[in-house]
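# Coordinate inspection notes
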Amino acid sequence: MPDKIKWGVMGLGKIAGKFAADLILSENSLLYAVASRDIDKAKKFAAKHSAVNYYGSYRELAEDPGVDIVYIATPHPLHYENTMMCLENNKAVLVEKPIAMNYKQAKEMTDKAKEKGVFLMEAMWSRFIPSIEKALEIVDSGEIGEVIYTKGDFGFIGDPDPEKRVYNKKLGGGSLLDIGIYPLYLSQLFLGTPEKIQATARFSNTGVDSFLAALLEFKNNKKAFIESSFEFLTPTEGFIFGDKGFLKLHTRFHHTTKISVYHYEDFARDINFDLKGNGYYYEIESVNKCLNEKLLENPKYTHSDSLNLISSMDKIRKIIGLEYDADN
Ligand SMILES: NC(=O)c1ccc[n+]([C@@H]2O[C@H](COP(=O)([O-])OP(=O)(O)OC[C@H]3O[C@@H](n4cnc5c(N)ncnc54)[C@H](OP(=O)(O)O)[C@@H]3O)[C@@H](O)[C@H]2O)c1
């Protein structure tokens, strides 16, 4: 049995806590070190999640020779510099979504990972959720026929505090990059890369998209519709329509525990799933497998997948007129 993979966690906010709780469920993983800008916060986080070491700066984590891979859970505008620092130190990286603020940054990151011969992956955890794997399997079996259209929405009431991440432009706020990325990924997973995009948005007084809707067109006139919102709650469901039937991914679709399979002539069946921990367990196990096999990319979620996704988001932002500091 291979040694446990020694994980580091950088940026100890909300998602880092959920991820660390799932790391403990993974028998192949060890939470080796955590890093915050605040040493006391790091010490408390390390005690809560039984981390071996803790640091009061990100650099110390990136330079720790004992760490195999760093999970980066800082706000989006920091993903680029935090990832580059880790890669420069020959550390493998799992970086939260979105991989970066724009395609240019993401391309530099994936190029750097290749140059250094180091594993890099965007933490698109949906790809590894058992129900999503099942949806792919059903589509591949031909049960719902040829996929023609996907639809997905993701909406919640965002914390209105302009200093907090969701509405704060300096912290990469806005619904597209934060949650619209999930229905966009659903379309990419089942239909590929869009050839044409239409989009519309509502903006908050902090200058970010509080609501976004986009219609995407793919090869052979296939379509997808996506919505994201911080202004109102939406059902947060996903649909994959084929020419023989469709799949409904129940809320929240991006880590759903229930799929309904419909044939057009009659209702077919529901499939229920158990989710281990918070659902991050599955991407953790997949990344561990890649590291044990000395892979530089995850074949289930490659650099190209990330680059296609961020490229579509760049295009949508251009249409709605949303620019961040990183674009200039
Ligand atoms: N996969 C998922 O399900 C999921 C869910 C939520 C969020 N995310 C992604 O994870 C990332 C973090 O989201 P979150 O909700 O965990 O955010 P959060 O609670 O605000 O935590 C972000 C952490 O980043 C660090 N940080 C470094 N510079 C910062 C700055 N200038 N301002 C604020 N924080 C700074 C802080 O950690 P220290 O104080 O310890 O340095 C902070 O606690 C985002 O990119 C988001 O898209 C993913």
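Here the structure is a predicted model, which means the values were calculated and not measured.

What follows is about the nonpolar core. Trp 7, Ile 69, Leu 94, Ile 240 and Leu 247 are the most contacted members of the largest nonpolar core, which has 105 residues in total. Per-element accounting of this core gives the leading share, ten residues, to helix H7 (residues 175-191). When neighbours within four sequence positions are excluded, Leu 247 is seen to be in contact with Ala 135, Ile 138, Val 139, Ile 144, Gly 238, Phe 239, Ile 240, Ile 259, Ser 260 and Val 261.

For the largest pocket, the calculated volume is near 1200 Å³. Lining the largest pocket are 37 residues; nearest its centre among them are Gly 13, Lys 14, Ile 15, Arg 165 and Asp 178. Every element with two or more residues in the lining of the largest pocket is listed here: helix H1 (14-23) and H7. Its residues assigned to classes, the lining of the largest pocket shows 15 nonpolar, ten polar and twelve charged. Within this model, the second largest pocket holds a volume of roughly 270 Å³. Taken together, 15 residues line the second largest pocket, and the ones lying closest to its centre are Ile 5, Asp 68, Leu 291, Asn 292 and Lys 294. Among the elements of the structure, strand E1 (5-10) and helix H8 (281-292) are those that each provide at least two residues to the lining of the second largest pocket. Top element by residues in the lining of the second largest pocket is H8. It accounts for three residues.

Closest axis-to-axis distance for the helix H5 (residues 103-116)/helix H9 (residues 303-320) pair is 9 Å, and the angle between their directions is 165°. As judged from the angle between their axes, H5 and H9 are roughly antiparallel. The hand of the H5/H9 crossing is left-handed. Each of Tyr 103, Ala 106, Lys 107, Thr 110, Ala 113 and Lys 114 in H5 lies in contact with H9, whose residues at this interface are His 303, Leu 307, Ile 310, Ser 311 and Asp 314. Looking at side-chain class alone, the contact of H5 with H9 contains five nonpolar, three polar and three charged residues.

Turning our eyes to something else, we now look at a nonpolar patch on the surface. A cluster of nonpolar side chains, contributed by Ile 157, Phe 232 and Leu 233, occupies part of the molecular surface with about 320 Å² of accessible area. As for its placement among the helices and strands, Phe 232 is situated in the loop between strand E10 (223-229) and strand E11 (238-242).

The subject of this paragraph is the packing of helix H4 (residues 79-88) against H5. Their axes nearest at 10 Å, the elements H4 and H5 cross at an angle of 10°. On the basis of their axis angle, the class for H4 and H5 is roughly parallel. Counted together, His 79, Tyr 80, Thr 83, Met 84, Leu 87 and Glu 88 of H4 and Gln 105, Glu 108, Met 109, Lys 112, Ala 113 and Lys 116 of H5 form the full contact between these two elements.

Across all of its chains, the model carries 24 salt bridges by this definition. For Asp 178, the salt bridge identified is with Lys 97, shortest N-O distance 3.7 Å. Here Asp 178 is found in helix H7, whereas its partner Lys 97 is found in the loop between strand E5 (92-95) and H5, with 81 residues between them in sequence. Comparing Asp 178 with Lys 97, the two get one shared label, buried.

Moving on, we come to the side chain of Glu 96. Its location among the elements puts Glu 96 in the loop between E5 and H5. No salt bridge is formed by the buried Glu 96. Its closest oppositely charged neighbour is Lys 97, at 5.2 Å. In this structure the side chain of Glu 96 is engaged in a polar contact, spanning 2.6 Å, whose partner is the side chain of Tyr 71. When sequence neighbours within four positions are dropped, the list of residues in contact with Glu 96 reads Ile 15, Tyr 71, Ile 72, Ala 73, His 79, Glu 122 and Ala 123.

With that out of the way, let us pick up unusual backbone geometry. What is expected of a backbone is that most residues other than glycine have negative phi and most peptide bonds are trans. Here the residue pair Lys 97 and Pro 98 is connected by a cis peptide bond, since its omega of -10° sits within 30 degrees of zero. Within the element layout of this structure, Pro 98 appears in the loop between E5 and H5. In this model, Thr 251 is joined to Arg 252 through a cis peptide bond whose omega is -20°. Positionally, Arg 252 belongs in the loop between strand E12 (245-249) and strand E13 (258-263). Phi is positive for Asn 90, close to 60°, though the residue is something other than glycine. Along the chain, the position of Asn 90 falls in the loop between H4 and E5.

Looking now at the site of the ligand. As a structural note, the neighbourhood of the ligand is formed by 23 residues, with Ser 36, Lys 41, Tyr 58, Lys 97 and Tyr 280 the closest of them. In the environment of the ligand, an oxygen atom lies 2.7 Å from a nitrogen or oxygen atom belonging to the side chain of Ser 36. Contacts to the ligand include Tyr 58, whose side-chain N or O atom sits 2.5 Å from an oxygen atom. Isolated, the ligand exposes 900 Å² of accessible area, and the fraction of that covered by the protein chains is 83%. Among the secondary structure elements, those contributing two or more residues to the shell around the ligand are H1 and H7.

Reading the values: rules and limits
What you see as residue numbers is a count from 1 along each chain, following the sequence as written. For this predicted model, a pLDDT threshold of at least 70 governs which residues receive local features, and a threshold of 80 or more governs which side-chain atom pairs are given and counted, while totals over whole chains, interfaces and linings are taken from all residues. Neither water nor hydrogens contribute to the side-chain values; these are computed over all heavy atoms in the structure. By convention a nonpolar core is built from buried Ala, Val, Leu, Ile, Met, Phe, Trp, Tyr and Cys residues, the set being connected through side-chain atoms within 4.5 Å. Classification of residues uses two cut-offs on accessible area relative to the type maximum, computed with a 1.4 Å probe and protein chains only: under 20% is buried, over 50% is exposed, and between them is partly exposed. Helix numbering and strand numbering both begin at the N terminus, where a helix is a DSSP run of H or I of at least 4 residues and a strand a DSSP run of E of at least 2. In this analysis, two residues are considered to be in contact whenever any of their non-hydrogen atoms come within 4.5 Å of each other. Two kinds of site are reported from a 1 Å grid over the protein atoms alone, namely cavities, where a 1.4 Å probe fits but cannot get out, and pockets, open sets with protein on both sides within 12 Å along at least five of seven lines, and residues are called lining when an atom falls within 4 Å of a point. Grid points are joined across faces, edges and corners, and a volume is the space filled by probe spheres set on the points. For this classification, Asp, Glu, Lys and Arg are treated as charged, while Ala, Val, Leu, Ile, Met, Phe, Trp, Tyr, Cys and Pro are nonpolar and the rest, including Gly, are polar. Axes here refer to lines fitted to C-alpha atoms; in helices the fit is confined to the stretch in contact. Angles between the N-to-C directions go from 0 to 180 degrees. Throughout this description, any angle smaller than 35 degrees is read as roughly parallel, any larger than 145 degrees as roughly antiparallel, any in the 65 to 115 degree range as roughly perpendicular, and the remainder as oblique. The sense of a crossing depends on the near helix, which, turned anticlockwise from the far helix by less than a right angle, makes the crossing left-handed and, turned clockwise, makes it right-handed. Candidates for patches are residues over 30% relative accessible area with no salt bridge; among them, like charges are joined within 9 Å and nonpolar side chains (Val, Leu, Ile, Met, Phe, Trp, Tyr) within 5 Å. Reported accessibility uses the Shrake-Rupley method at a 1.4 Å probe radius. Residues are deemed covered only where the shown protein chains occlude them. Salt bridges, as used here, are contacts in which a Lys or Arg side-chain nitrogen is within 4 Å of a carboxyl oxygen on Asp or Glu. His is not counted, nor are the chain ends; Lys and Arg add positive charge and Asp and Glu add negative charge. Each polar contact in these results corresponds to two N or O atoms within 3.5 Å; when the atoms are within protein, one needs to be able to donate a hydrogen and the other to accept it, and residues that are neighboring in sequence are counted only if both atoms are side-chain atoms. Working definition: residue near molecule or strand if any one of its non-hydrogen atoms lies within 4 Å of it.

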